[in-house]
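Each chain is listed here by its residues.
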Amino acid sequence: VQLQASGGGLVQAGGFLRLSCATSGGTFSSYIMGWFRQAPGKEREFVARITWHGGNTNYADSVKGRFTISRDNAKNTVSLQMNSLKPEDTAVYYCAAGKTITITPTGYSYWGQGTQVTVSS
């Protein structure tokens, strides 16, 4: 499975971005999809995940109410709508695909290359 994340950029605090992740090479609907992020000097952390047909989502407390994960199984894509962005959201964001419902990075087998999100104060 190949994943390609896009949509990152530079935005002011309070602004918004929409990340997208296009996948190929597998049966997209059979994968749990997740978003993770990694800031400089920090470990990769969970942001959000969505189950096979979008019926269940889970978010990190730090983004709950501001970020929304969604998927389109017809287009093999997963998205992350990020609103009310804060400087502490600055990180490289990664999409990931796995077979288990988990928020730990080791539970995901396939990873995109990452897209940089920078939020200025």
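All values reported here derive from a predicted model rather than from experimental measurement. The residue numbers shown here count from 1 along each chain, following its written sequence. With the structure being a predicted model, the display of local features is reserved for residues of pLDDT at least 70 and the display and counting of side-chain atom pairs for 80 or more, all residues being used for whole-chain, interface and lining totals. Working from all heavy atoms in the structure, the side-chain values ignore hydrogens and water.

Trainee: Outline the overall build of the protein chain, supporting the account with residue identities and numerical values.
Mentor: Runs of H or I in DSSP of at least four residues are treated as helices and runs of E of at least two as strands, each being numbered from the N terminus. Looking only at helices and strands, the protein chain features zero helices and eleven strands. Each radius of gyration reported is based on C-alpha atoms, and the globular scaling rule is 2.2 Å times the count of residues to the power 0.38. In summary, the protein chain has a C-alpha radius of gyration of 13 Å against a globular reference of 14 Å for 121 residues, a match within 12%. Along the first, second and third principal axes, the C-alpha set of the protein chain runs to 40 × 25 × 25 Å. Only protein chains enter the calculation, and the probe is 1.4 Å; a residue is then buried if its accessible area is under 20% of its type maximum, exposed if over 50%, and partly exposed in between. Buried positions account for 42% of the 121 residues belonging to the protein chain. Contact between two residues is taken to exist if any of their heavy atoms lie within 4.5 Å; hydrogens are not considered. Counted over contacts in the protein chain with a minimum sequence separation of 6, partners at least 24 positions apart contribute 56%. Only carbon and sulfur atoms are counted for the fraction: they give 50% of the accessible area of the protein chain, which is about 6000 Å². Of note, the protein chain has its 11 positive side-chain charges centred 6 Å away from the centre of its 6 negative side-chain charges. Only the protein chains shown count as cover for residues, and all accessible areas are computed by the Shrake-Rupley method using a 1.4 Å probe. Neither His nor the chain termini are counted; the positive set is Lys and Arg, and the negative set is Asp and Glu. The location of each charge is read from NZ of Lys, CZ of Arg, CG of Asp or CD of Glu.

Trainee: Report on the environment of N76, specifying residues and quantitative values.
Mentor: Checked against the element boundaries, N76 lands in the loop between β7 (67-72) and β8 (77-82). When its relative accessible area of 27% is taken as the criterion, N76 is described as partly exposed. With 73 residues separating them in the primary sequence, N76 and L3 have C-alpha atoms 9.9 Å apart. Other than its neighbours up to four places away in sequence, N76 contacts C21, A22, T23 and F28.

Interpretation note: all reported values are geometric properties and have no functional meaning in isolation.
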